[in-house]
Amino acid sequence: MDNLSDTLKKLKITAVDKTEDSLEGCLDCLLQALAQNNTETSEKIQASGILQLFASLLTPQSSCKAKVANIIAEVAKNEFMRIPCVDAGLISPLVQLLNSKDQEVLLQTGRALGNICYDSHSLQAQLINMGVIPTLVKLLGIHCQNAALTEMCLVAFGNLAELDAIKLQLVEAGLVECLLEIVQQKVDSDKEDDITELKTGSDLMVLLLLGDESMQKLFEGGKGSVFQRVLSWIPSNNHQLQLAGALAIANFARNDANCIHMVDNGIVEKLMDLLDRHVEDGNVTVQHAALSALRNLAIPVINKAKMLSAGVTEAVLKFLKSEMPPVQFKLLGTLRMLIDAQAEAAEQLGKNVKLVERLVEWCEAKDHAGVMGESNRLLSALIRHSKSKDVIKTIVQSGGIKHLVTMATSEHVIMQNEALVALALIAALELGTAEKDLESAKLVQILHRLLADERSAPEIKYNSMVLICALMGSECLHKEVQDLAFLDVVSKLRSHENKSVAQQASLTEQRLTVES
């Protein structure tokens, strides 16, 4: 390290009078020192004040600009060196060098800028204002045969594209066309570099679609050439492209109009074919992506019946045996979206013993809150949308009642409500079948607690009282209601600020008085 101090002193002199040979030698010494101990060398470089001189060595005429840019890229790996690089005025000359024709200069310059601006939105914004986006898109187009340069550009875009406003600028600068070109060129290659580029490029495409404006611009009413190209990825034999294609569809499916257009134009069949190819030794990420796309497509009311008649439920149910929580989660969400207000489909699924037993099993998946929550919600949805005695019997026989009762105590009001409505239907339609399970799950005590708790939302109080009235038809539950002095809690609610709650409290009070 001692000769490092000599090198830095020597560099100060040669940088000013620019004696080429000794300058090159000094820069090589610095790169060696950085390779041995980056942090310590960087600290010495900062202390020496040499950074300020680097700007003058980054001119287009300078013969050692690539080495200087390489040194800056190396020191800027350290967070403490980034602001000093900015203060030394290095950004502007580096941005100028992006117009160079020399591939090594371009590579080192890109690395230097990327490392200096890493994780700093304000510095990235500064680069964007200096016009780097069109410059980098142009470079990507010209140098797509150079793997290192391509990777550098793609990583830079990946960092910039985190910002929503920038996604649209990247799309408008023609990045997507470049990415599609890269994908086209690399899709059949098995070279390591090409596989990496294919992945980075297609991932970046998906990232650009996360911005609402950029997504809509590329969709172009379903006529867009980009949208059409992405569709062609889904039947491809390349897993990475299948994955990116399915994720892209899930992103395009973020508003009703797009979803309706895609379903009318046969996307569902393509996704089902894709899922079919991944049933046995399936690729979990592809399964998850395809199910995400189907779930989003099933949100508009008009799409549900079309997707049901296309056989989506059967395609999705093939994954019931999956042991992968992300796949389980999306499978449940897709089924729940599909049966929303679709009585016949809800009844068919609700009588499917295999499905209901699996749901009951997943309701106990303590390690996976998402899967547990979705299973509970689907159980409740099967009852709410089918209003079918057979469905209720299947759920009782499979041991699902206790989970619906627990769901009524969820911290999410929407889930509490779904549970209470399902339980009220059970009490109205099949109380005799379910009463033992309702009793052992302590439903009456839970309802008492929900009504007495001031924090319970109005709709929770309302639905709890509706349920109490429905439970009066069961002798054992009726007795529990009497033992718990419900009248006190209910009569207090007659003066509740919410009209529906107050009215229901009066009705419930009458019912309790008559039945006591």
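Residues numbered from 1 in each chain as written. Predicted model: local features only at pLDDT ≥ 70, side-chain atom pairs only at ≥ 80, totals over all residues. Heavy atoms only, no water.

Asks: What am I meant to see in the overall build of the chain here?
Replies: On a plain count of helices and strands, the chain comes out with 34 helices and zero strands. Taken over the C-alpha trace, the chain has a radius of gyration of 32 Å; the compact-globule value for 516 residues is 24 Å, which it surpasses by more than 25%. Dimensions along the principal axes, computed over C-alpha positions, put the chain at roughly 105 × 50 × 35 Å. For the chain, with 516 residues in total, the buried portion stands at 55%. Considering only contacts in the chain between residues 6 or more positions apart, those separated by 24 or more positions represent 71%. If you sum the accessible surface of the chain, you get close to 22900 Å²; carbon and sulfur atoms cover 52% of it. Counting 49 positive and 65 negative side-chain charges, the chain places the averaged centre of each group 3 Å from the other. (Helix = DSSP H or I, 4+ residues; strand = E, 2+ residues; numbered from the N terminus. Rg over C-alpha atoms; globule rule 2.2 N^0.38 Å. Buried < 20%, exposed > 50% of the residue type's maximum accessible area, 1.4 Å probe, protein only. Contact = heavy atoms within 4.5 Å. Areas by Shrake-Rupley, 256 points an atom, 1.4 Å probe, with all protein chains shown as cover. Lys, Arg positive; Asp, Glu negative; His and termini not counted. Charge placed at Lys NZ, Arg CZ, Asp CG, Glu CD.)

Asks: Mind showing me how you'd approach the pattern of salt bridges here?
Replies: It is possible for side chains bearing opposite charge to pair when their charged atoms get close. Summed over all chains, the structure comprises 22 salt bridges. Its salt-bridge partner being Arg358, residue Glu323 comes within 3.2 Å of it at the nearest N-O pair. Here the residue Glu323 occupies a position in the loop between helix H22 (312-317) and helix H23 (325-339), and Arg358 occupies one in helix H25 (residues 353-362), the gap between them amounting to 35 residues. Taking the relative accessible area as the measure of exposure, Arg358 reaches 10% and is therefore buried. In this structure, Arg358 engages Glu361 in a salt bridge whose closest nitrogen and oxygen atoms are separated by 2.7 Å. (Salt bridge = Lys/Arg side-chain N within 4 Å of Asp/Glu carboxyl O.)

Asks: Just checking my understanding: could you explain the nonpolar core for this structure?
Replies: Here is a general trend for soluble globular proteins: nonpolar side chains tend to be buried in one another's company. Grouped together as the largest cluster of nonpolar side chains are 186 residues, with contacts concentrated most on Phe54, Ile72, Ile249, Leu271, Leu297, Leu438 and Leu471. Among the elements that make up this core, the one with the highest residue count is helix H29 (residues 413-440) (twelve residues). Leave out the neighbours within four places in its chain, and Leu297 touches Ile249, Ala253, Cys259, Met262, Val263, Ile267, Leu271, Asn303 and Met307. (Core = buried A, V, L, I, M, F, W, Y, C linked by side-chain atoms within 4.5 Å.)

Asks: Even after reading the chapter, I still don't get helix H13 (residues 175-186), so can you show me in this structure?
Replies: Residues that lie three or four places apart on an α-helix share one face, since the helix turns once every 3.6 residues. The terminal C-alpha atoms of H13 lie 17 Å apart, and with twelve residues this matches the ideal 16 Å at 1.5 Å per residue to within 8%. Of the positions making up H13, those classed as buried are Leu175, Val176, Cys178, Leu179, Leu180, Ile182, Val183 and Lys186. (Expected span 1.5 Å × (residues − 1).)

Asks: For this particular structure, what's the right way to read the environment of Glu151?
Replies: Residue position: Glu151 is located in helix H11 (residues 147-160). Look at Glu151 and you get partly exposed, because its relative accessible area is 25%. Taking C-alpha positions, Glu151 is 58 Å from Asn463, a pair spaced 312 residues apart along the chain. With near-sequence residues (within four places) excluded, Glu151 lies in contact with Thr196, Glu197 and Thr200.

Asks: Any chance you could explain the packing of aromatic side chains here in plain terms?
Replies: Both the distance between ring centres and the angle between the ring planes are used here to describe each pair of aromatic rings. Counting across every chain of the model gives three aromatic pairs. Taking the centre distance of 4.8 Å and the plane angle of 65° together, the rings of Phe219 and Phe227 count as edge-to-face. Comparing Phe219 with Phe227 shows no difference in burial state: the two are buried. Geometrically, the ring pair formed by Phe219 and Phe252 is tilted, given 5.5 Å between the ring centres and 45° between the ring planes. Residue Phe219 is found in helix H15 (residues 212-219), and its partner Phe252 is found in helix H17 (residues 239-252); the two are separated by 33 residues along the sequence. Here a set of aromatic residues connected by ring pairs shows up, and it is made of Phe219, Phe227 and Phe252. (Phe/Tyr/Trp six-rings, centres within 6.5 Å; stacked < 30°, edge-to-face > 60°.)

Asks: Could you clarify how one ought to interpret the packing of H29 against helix H31 (residues 458-471) in this entry?
Replies: Geometrically, a packed helix pair is captured by the angle between its two axes and the distance between the axes. In the contact formed by H29 and H31, the axes pass within 9 Å of each other and the chain directions differ by 5°. Comparing their axes, H31 and H29 come out roughly parallel. Of H31, the residues touching H29 (which contributes Val413, Gln416, Asn417, Leu420, Val421, Leu423, Ala424, Ala427, Leu431 and Leu438) are Glu459, Ile460, Asn463, Ser464, Val466, Leu467, Ala470 and Leu471. For the contact of H29 with H31, the class distribution of residues is 13 nonpolar, four polar and one charged. (Axes fitted to C-alpha atoms, helices over the stretch in contact; angles between N-to-C directions. Parallel < 35°, antiparallel > 145°, perpendicular 65-115°, else oblique. Nonpolar A, V, L, I, M, F, W, Y, C, P; charged D, E, K, R; others polar.)

Asks: What is the right way to read the side chain of Gln242 from this model?
Replies: By the secondary structure assignment, Gln242 is in helix H17. Contacts of Gln242, omitting those with residues within four sequence positions, involve Trp233, Ile234, Ser236, Asn237, Leu274, Arg277, His278 and Val286.

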